[in-house]
Amino acid sequence: MKKALLCLFFFPLMLMGVKVDVSVNKYSIPTNDQLTLTLKISDSSRLNISEPAAPVVNLFSFRNMTSSSASSMSVVNGSSVSEFSRQYSYVYLPQKVGKTQVPSFMVKVNGKDYRTKPINITVVQGTASTPQKNSLSPSTPSFDPYGMGLPDYWEGGGLDSGNTMLLAEPETQNVYQGFPAVVSYYLYSDEMVRSFNLEEENDFEGYGKSTFEQPTMLNYEEARYNGKAYKRALIKRLAIIPNTTGRLQAPVLKGIARLYSVGYLNKTLASTGGQIVVRPLPHENMPGGYNGAVGNFKVSHSISKKDLALGETITISLKLLGRGNFNRFSAPVFASGSGFQVSNPIVMDNLKAGIEGSRSYYYTLIPQSKGKLSLPELKFVWFDNASATYKTYTLPQTVIDVKAANVLSYFNRFLEPATPNSMNPKLSRSVYSVYTPYTSQFWYWLLVFAALGVATYIIIRARDAKLQHEFPELYARKQSAKILHKYLRQATEAAQKLSPDFYPLSEKALFDFLATRYKLANHLSVEEKIAALQEQRIDPELIEHVQRFLQRCQQARYMPEADRAINLQEDLHLLKQIIQGFERYNRTHFGV
Amino acid sequence: MNKILLSLLTLLLLSCVLSAQANSISTSVPAKSKDIHNADFYYNKGVDYYAAGNQGLANLYYLKALNLDTAHKFARSNLELSQHLSTDSKLYPQRRFLVRVLMQVLDFFSVNRLAIIALLLLFCSVAALAWLLFYDPDEERALPLLVFVLLFAMCLGSFTLLGFKSYHQTHNKLAVLITATEQLMPAQGISKKSIMEVHEGLIITMITSKDGLSTVRLPNGQLGKLPTKSLAKVR
């Protein structure tokens with residue numbers, strides 16, 4: 001059992017490890033269809049695979065090969081399990097009708113060799129109704145895993161005469177220090193490039209960078225380079241933020257282009273070009289308060305209200321729109337000592353690659369006295385790259401009318417301490433407990449029903465107590481009936497077992513009943529009790545039964561144990577008659 | 001009888017402690033795991049999304065945190081600030097002082113807090129009932145009666161509110177606009193002229209969904225239709 005549980009627990013982990021699967025789309029294939037051989041390799045760690053060559057399959061001609069990779073992570077039994085996979089698809093065209101086999105072939109994964117299983121294939125004569133999936137010429141393959149969709153008008157030459165290169169093209173050759181320059185990397189080619197795999201990105205000193213754009217497919221466009229017509233596709237666009245002056249070399253990208261002509265050919269490419277001249281910022285005419293912002297910005301502001309009561313707040317926003325080194329300068333600050341308490345600004349960015357878009361600063365101001373107050377000075381200074389000058393945006397002089405505080409404004413602040421002062425940071429938690437409402441848990445309803453049960457018990461007991469207090473006679477009769485029934489049950493059980501305890505139990509039941517109901521003390525003799533019952537004007541027949549039963553009990557006391565059982569059933573019957581008699585008497589005389 | 005009661009109470013307490021302990025053991029998961037049903041986890045995701053400039057998802061996760069724990073003051077505060085700074089901030093109603101106080105009091109009583117309070121009030125009510133019923137019959141019963149009536153009324157109120165909040169928690173109809181902008185179309189009629197433009201992060205109440213369009217109620221009470229795919233539901 002334990003082993004089975006262990007196996008169950010580790011089952012997901014046991015499944016991991018290098019898995020090499022090979023499959024085909026069809027085992028029986030018409031001559032006008034195509035065969036896709038899929039090789040899937042997966043592992044729990046990153047894969048290092050030597051690209052396997054397409055196996056030679058008799059009766060088929062190799063068409064093309066595509067590859068894709070994927071990774072995933074899942075949580076199994078509280079621990080994360082990763083899976084990395086690579087898939088190769090080989091497309092073949094059938095040449096002749098017959099039976100053949102996809103042979104077993106070797107795959108080298110993470111330095112180890114794995115062999116695939118052979119697969120038997122039958123090629124049959126194609127019919128007119130079979131879909132013409134492969135009605136394509138060798139020069140225009142249709143299956144494109146990268147989704148790049150080669151244009152129909154492709155007029156590239158053959159492999160021998162082709163030219164394919166990777167060029168880095170800065171948007172502008174000259175920038176000022178700090179201004180982000182965007183460098184686009186284009187694949188220029190007059191050949192048929194089916195895919196491009198980016199392998200490396202070599203950096204140089206003197207800049208910070210971020211990815212501005214990276215398409216997921218090759219979108220070709222017409223272009224000319226050195227007087228020659230090419231097709232070009234964007235590979236990547238980088239934002240380069242220079243932090244030194246002088247000549248700057250943009251990162252060099254390296255990758256492999258997969259060219260197709262008669263067969264496939266991989267061509268390793270490295271980007272060329274990408275030089276930028278970085279000019280220093282001028283020191284003359286640099287305004288006070290400049291904090292390093294460089295960019296082409298449009299600046300605007302807004303003020304939430306100009307009339308308010310003391311205790312209320314104003315929100316002022318300053319918005320920067322455009323391209324610049326947003327990550328290299330801090331928020332502008334209000335001049336101090338002007339009758340307002342100013343919070344640290346909240347910054348909201350909507351930026352692409354951290355260089356282009358909008359940034360808003362939100363300041364909360366609390367007036368400290370009533371009256372007409374001028375807003376403190378707020379200015380933003382930046383170096384404008386386009387005009388090569390320093391520019392300053394100053395908040396216009398604005399008068400705020402602050403009225404006397406009222407009770408509501410005081411409570412507004414009390415109730416809204418966080419609006420709009422600042423965002424609360426993340427909470428530090430090493431463990432998160434899964435939320436479960438108490439109302440969906442067993443113990444909660446157990447406690448609720450226990451409380452309700454206790455309440456019911458209290459009500460019953462209280463009703464008895466009230467009865468005892470208000471109607472003691474009635475209570476005594478009820479109690480005596482209960483006692484009689486309790487002992488009768490015990491006596492019946494003893495009689496059924498032919499137990500000698502029947503007589504003592506029955507006698508005790510009857511005495512207790514008489515004591516509770518008629519207040520006949522237990523120390524009285526049987527004769528005295530019978531006399532007392534006669535005084536109570538109870539049915540003489542019932543008294544006679546009682547007398548007879550008590551006599552039987554006394555006789556049984558001195559009998560040998562074996563003889564006691566002889567009349568047991570008869571005496572039990574007599575006892576039941578007595579009880580029924582008393583119940584009848586109670587109902588007729590007292591209604592109980 | 002007393003022994004039975006005592007045993008029953010001991011058993012109850014023991015089961016309560018064991019159940020709580022078992023719950024805490026079985027439901028603790030490391031902070032890095034995905035999709036944890038926890039208010040702090042949702043709050044932290046909201047903070048991350050807000051820092052990344054994704055106001056729509058930030059608001060969604062703040063609302064998810066508040067759906068689990070209405071007393072989560074950090075999520076409440078960040079959500080209010082996010083609403084205040086949003087383009088559609090004017091659509092959110094400005095509540096009156098007493099209404100805000102009432103809302104804050106109701107928010108303080110999260111489902112689990114309310115469940116515990118209701119249970120305690122039930123125990124107190126039972127105790128008050130015992131006090132009332134076994135009170136000396138010859139003495140004035142006004143005080144125990146008053147205590148019992150008050151506790152019982154509070155207990156009933158707590159359980160009613162608990163039922164309401166639990167229902168609202170499991171049938172939360174709030175949703176957040178997660179696309180940059182959308183045109184709010186009229187809820188009735190066939191007019192294709194939009195009522196207004198709404199922006200990412202707007203919190204709405206979903207009423208119905210049909211044919212890729214959802215009928216929604218904006219915070220200001222305005223009804224309209226928005227594409228369902230541009231909305232993310234809190235639950």
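Rules behind the numbers
- Residues numbered from 1 in each chain as written.
- Chains lettered and ligands numbered in written order.
- Predicted model: local features only at pLDDT ≥ 70, side-chain atom pairs only at ≥ 80, totals over all residues.
- Heavy atoms only, no water.
- Helix = DSSP H or I, 4+ residues; strand = E, 2+ residues; numbered from the N terminus.
- Buried < 20%, exposed > 50% of the residue type's maximum accessible area, 1.4 Å probe, protein only.
- Areas by Shrake-Rupley, 256 points an atom, 1.4 Å probe, with all protein chains shown as cover.
- Pairing = 2+ DSSP bridges.
- Axes fitted to C-alpha atoms, helices over the stretch in contact; angles between N-to-C directions.
- Parallel < 35°, antiparallel > 145°, perpendicular 65-115°, else oblique.
- Left-handed = near helix turned anticlockwise from the far one by under 90°.
- Contact = heavy atoms within 4.5 Å.
- Nonpolar A, V, L, I, M, F, W, Y, C, P; charged D, E, K, R; others polar.
- Phe/Tyr/Trp six-rings, centres within 6.5 Å; stacked < 30°, edge-to-face > 60°.
- Lys NZ or Arg CZ within 6 Å of the ring centre and 35° of its normal.

Asker: Looking at this structure, how should I read the overall build of chain A?
Answerer: When helices and strands are tallied, chain A shows nine helices and 31 strands. The 592 residues of chain A split such that 42% are buried. Accessible surface for chain A amounts to roughly 31700 Å². Of this, 52% is attributable to carbon and sulfur atoms.

Asker: Can you walk me through the overall build of chain B in this structure?
Answerer: Scanning chain B for helices and strands turns up seven helices and eight strands. Residues classed as buried in chain B amount to 40% of the 235 residues present. For chain B, the exposed area adds up to about 13300 Å²; of that, 65% sits on carbon and sulfur atoms.

Asker: What exactly am I supposed to notice about the sheet that holds strand 11 (residues 174-176) of chain A here?
Answerer: Picture the strands of a sheet paired through backbone hydrogen bonds; they go either parallel or antiparallel. Residues and elements named next belong to chain A. A sheet is described by the order of its strands in space; here three strands give the open sequence 11-20-17, paired in mixed fashion. If you trace the sheet from one side to the other, it starts and ends with strand 11 and strand 17 (246-249), each paired once. When the angles between neighbouring strand axes are averaged without regard to direction, this sheet yields 35°. Relative to strand 20 (residues 275-279), strand 11 runs parallel, the two being bridged by three bridges. Within strand 20, the position partnered with Asn174 by the bridge is Val277.

Asker: Which parts of the structure should I look at to understand the packing of helix 5 (residues 502-518) of chain A against helix 7 (residues 540-558) of chain A?
Answerer: Two quantities define a packed helix pair, namely the angle between the helix axes and the distance between the axes. All names here are of chain A. Close contact between helix 5 and helix 7 brings their axes to 9 Å; oriented N to C, the two are set at 140°. The pairing of helix 5 with helix 7 is recorded here as oblique in orientation. The two elements helix 5 and helix 7 cross, and the hand of that crossing is left-handed. Two secondary-structure elements touch here, helix 5 through Phe502, Tyr503, Ser506, Glu507, Leu510 and Phe511 and helix 7 through Val546, Phe549, Leu550, Arg552, Cys553, Gln554, Ala556 and Arg557. Its residues assigned to classes, the contact of helix 5 with helix 7 shows nine nonpolar, two polar and three charged.

Asker: Could you clarify how one ought to interpret the packing of helix 6 (residues 526-535) of chain A against helix 7 of chain A in this entry?
Answerer: Residues and elements named next belong to chain A. Helix 7 packs onto helix 6 with a crossing angle of 170° between their chain directions and a minimal axis gap of 10 Å. Relative to helix 7, the element helix 6 lies roughly antiparallel. Side by side, helix 6 and helix 7 meet where Val526, Ile530, Leu533 and Gln534 of the first sit next to Ile543, Val546, Gln547, Leu550 and Gln554 of the second. Looking at the contact of helix 6 with helix 7 residue by residue, the class counts come to six nonpolar, three polar and no charged.

Asker: What is the right way to look at the packing of aromatic side chains in this model?
Answerer: Note on aromatic pairs: each is described by the distance of the centres and the angle between the planes. One pass over the structure, following the stated rule, counts 29 aromatic pairs over all chains. The interplanar angle of 70° and the centroid separation of 5.0 Å between the aromatic rings of Phe383(A) and Tyr390(A) together place this pair among those described as edge-to-face. We classify Phe383(A) as buried; its relative accessible area is 0%. You can call Tyr390(A) buried: its relative accessible area is 13%. Where Phe502(A) meets Phe549(A), the ring centres are 6.4 Å apart and the plane angle is 90°; that geometry is what we call edge-to-face. Residue Phe502(A) is located in helix 5, and its partner Phe549(A) is located in helix 7; the two are separated by 47 residues in the primary sequence. Both residues of the pair, Phe502(A) and Phe549(A), belong to the buried class. Every member of this aromatic cluster is reached through a ring pair, and the members are Phe297(A), Phe326(A), Phe329(A), Phe380(A) and Trp382(A). Its end group placed over the ring of Phe329(A), Arg359(A) keeps NZ or CZ at 5.7 Å from the ring centre. Here the guanidinium or amino end of Arg113(B) rests over the ring plane of Phe108(B), the centre of that ring lying 4.3 Å away.

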